[in-house]
Amino acid sequence: MMKKQQRSLAILPLLGIFLTGCPKPATPPQPMRPAITDSRPANSKSGEFLGKPSRPSAGADTTADDPLAILGNPDDATDSPRNQDHFLMARPQMTLSYNNTLRFPNWVAWHLEARDIGDAERSSFIPDPNLPAGFEAITTRDYSNSGYDRGHNCPSKDRTASAEDNQVVFYMTNITPQFHEMNGGPWEGLESYCRKLAQEGNELYILCGHGFNSESKRTKTIGDDGIAVPNFGWKLILVLPEKSGDDRSRIDENTRVIAVQMENTKRISGPWDNFITTAAELEKATELRFFKGLPDSVANALKQKHDEGANSFTSGSSGFKKSNRRSSGGSFGAGGRR
């Protein structure tokens, strides 16, 4: 009888485990893949960006936080991962169209004002954590011993209000191969001039990218991942005196527009305003279409304006300066669209 009682007592713990279920081993936490912030498809008819603004506004009722509401979507990029050569990525710091064939952005758009410029330290280059599966994640190793700088489209100093802002512009999706003579020369000179305008009480809408002179020159690549090396860099800058309210309603035919095209070469030299052109000429060189967020009459007038460079007024009309300088023609890249 005693042995039967002992056996029954021994069975009770096992029966309790059976009824309550065996404890499951702890599952290690899985790394989370950040979601693309505020990424929405473009309106293919109007080219305007849909949805809420991606950048917190400085004042009420302003479009300053949504550069594509004014600049438009130059290549009708979408946020579908199947659209690998025109993949739209929208963040509070900037919006871009990424080209997985070229391994760099077709264009990058951002809004700049004084509050974007702070003292955050320079970040490190890292692969973009938001690229979907099937995209090639470019690393800084692709640039090692290549002879090219890791050239920012949206520059580091334009996003120094916080460490988070600065880190985003160091994602490799914002980087394009540039000769140092361009990157550290007139390209950097224009970046500094834009920040000067912002600190003087202006707000800027900036569109930036790189292109190719001809089909035959698209074959040069660097790195194991085959990053294409562009023949030129370009920028389109719309300058407005800083003011609360709807920015788009304040843009007219007299609004200042700066358009530049710089050859990506070791031979480049001189100040940034040696390379001034017009938005109309940039459209021919890039096969993109600008200012789709503005009325046609205003957009067409702005595309013809030729800026006077560093000697221009910081607000209002810069006038129309005739020049013998002409931009080189060419095509934008893989699958460039109007």
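Higher on the page you've got the structure.
Residues numbered from 1 in each chain as written. Predicted model: local features only at pLDDT ≥ 70, side-chain atom pairs only at ≥ 80, totals over all residues. Heavy atoms only, no water.

### Describing the pairing of strand β6 (residues 202–211)
1) Next: Burial runs high along β6: 10 of the 10 residues are buried.
2) Next: Residues Asn202, Leu204, Ile206, Cys208 and His210 line one face of β6 and the alternating positions Glu203, Tyr205, Leu207, Gly209 and Gly211 line the opposite face, and both faces are buried.
3) Next: As paired elements, strand β3 (residues 104–112) and β6 share 5 bridges and run antiparallel to each other. Residue pairing for β6: Val108 is matched across the bridge by Cys208. (Buried < 20%, exposed > 50% of the residue type's maximum accessible area, 1.4 Å probe, protein only. Helix = DSSP H or I, 4+ residues; strand = E, 2+ residues; numbered from the N terminus. Pairing = 2+ DSSP bridges.)

### Focus: the nonpolar core
Grouped burial of nonpolar side chains is what soluble globular proteins tend to show.
1) Next: Within the largest apolar cluster, 48 residues are counted, with the highest numbers of intra-cluster contacts made by Leu204 and Met262.
2) Next: Mapped by element, the contributors of at least two residues to this core are β1 (87–90), β2 (95–99), β3, α5 (186–199), β6, β8 (227–228), β9 (232–241) and β10 (256–263).
3) Next: Those residues in contact with Met262, other than ones at most four positions away along the chain, are Met182, Pro186, Trp187, Leu190, Asn231, Phe232, Gly233, Ile268, Trp272 and Phe275.
4) Next: Counting 27 residues, the second largest nonpolar core, distinct from the first, contains Tyr205, Leu207, Leu294 and Ala299. (Core = buried A, V, L, I, M, F, W, Y, C linked by side-chain atoms within 4.5 Å. Contact = heavy atoms within 4.5 Å.)

### Re the environment of Tyr143
1) Next: Its location among the elements puts Tyr143 in the loop between β3 and β4 (149–152).
2) Next: Residues Tyr143 and Pro177 lie 34 residues apart in sequence; the distance between their C-alpha atoms is 7.9 Å.
3) Next: The residues touching Tyr143, leaving out its near neighbours within four places in the chain, are Ile138, Tyr148, Asp149, Arg150, Met172, Ile175, Thr176, Pro177, Ile222 and Ile227.

### Structural notes on the pattern of salt bridges
1) Next: According to the stated counting rule, one finds 13 salt bridges in the structure shown.
2) Next: The residue Glu200 makes a salt bridge to Lys196 at a minimum N-O spacing of 2.8 Å.
3) Next: A residue is classified by how much of its surface remains accessible, and Glu200, at 41% relative accessible area, is partly exposed.
4) Next: Of the residues examined, Lys196 reaches a relative accessible area of 41% and is grouped as partly exposed.
5) Next: Among the ionic pairs, Asp307 bridges to Arg256, the shortest N-O distance being 2.8 Å. With Asp307 in the segment after α7 (296–303) and Arg256 in strand β10, this residue pair connects regions lying 51 residues apart in the sequence. Taken as a pair, Asp307 and Arg256 share a single burial class, namely buried.
6) Next: A single salt-bridge network, built from bridges that share partners, covers Glu203, Asp247 and Arg250. (Salt bridge = Lys/Arg side-chain N within 4 Å of Asp/Glu carboxyl O.)

### A look at the layout of surface pockets
1) Next: A volume near 360 Å³ is recorded for the largest pocket.
2) Next: Forming the walls of the largest pocket are 17 residues, and the residues nearest its centre are Arg122, His152, Ser156, Glu188 and Glu191.
3) Next: When contributions to the lining of the largest pocket are tallied by element, the ones reaching two or more residues are β4 and α5.
4) Next: Here the element with the most residues in the lining of the largest pocket is α5; it accounts for 4 residues.
5) Next: A class-by-class count of the residues in the lining of the largest pocket yields 3 nonpolar, 6 polar and 8 charged. (1 Å grid on protein atoms, 1.4 Å probe; cavity = no way out; pocket = protein on both sides within 12 Å on 5 of 7 lines; lining within 4 Å. Points joined across faces, edges and corners; volume = space filled by probe spheres on them. Nonpolar A, V, L, I, M, F, W, Y, C, P; charged D, E, K, R; others polar.)

### Re α7
Residues that lie three or four places apart on an α-helix share one face, since the helix turns once every 3.6 residues.
1) Next: Taken residue by residue, α7 has Val298, Ala299, Leu302 and Lys303 as its buried positions. Within α7, the buried residues cover an arc of 130 degrees as seen down the axis, which keeps them to one side. (Arc of directions from axis to C-beta.)

### Some details on the sheet that holds β2
1) Next: Strand order in the open sheet formed by 7 strands is β1-β2-β3-β6-β9-β10-β11, with antiparallel pairing between adjacent strands. The two strands at the open ends of the sheet, each matched to only one other strand, are β1 and β11 (276–277).
2) Next: Strands in contact with α5 are β3, β6, β9 and β10; relative to β6, the strand with the most contacts, it is inclined by about 160 degrees. (Axes fitted to C-alpha atoms, helices over the stretch in contact; angles between N-to-C directions.)

### Describing α5
1) Next: An ideal rise of 1.5 Å per residue puts 20 Å on 14 residues; α5 measures up with 20 Å between its terminal C-alpha atoms.
2) Next: Turning to α5, its buried residues number three or more, namely Pro186, Trp187, Leu190, Glu191, Tyr193, Cys194, Arg195, Leu197 and Ala198.
3) Next: Just beyond α5, the residue with positive phi is Gly201, at close to 105 degrees. (Expected span 1.5 Å × (residues − 1).)

### A closer look at the packing of aromatic side chains
1) Next: Under the criterion given, the structure shown has 6 aromatic pairs.
2) Next: Measuring from ring centre to ring centre gives 5.4 Å for Trp234 and Phe290, while their planes differ by 45 degrees; the resulting arrangement is tilted. Of this pair, Trp234 sits in strand β9 while Phe290 sits in the loop between α6 (279–286) and α7, and the two are 56 residues apart along the sequence. Comparing Trp234 with Phe290, the two get one shared label, buried. (Phe/Tyr/Trp six-rings, centres within 6.5 Å; stacked < 30°, edge-to-face > 60°.)

### Concerning unusual backbone geometry
1) Next: You will see that Arg103, though not glycine, has its phi angle at about 70 degrees, which is positive.
2) Next: Following the sequence through the fold, Arg103 ends up in the loop between β2 and β3.
3) Next: Positive phi values are uncommon outside glycine, yet Asn145 reaches one of about 55 degrees.
4) Next: Mapping Asn145 onto the fold places it in the loop between β3 and β4.

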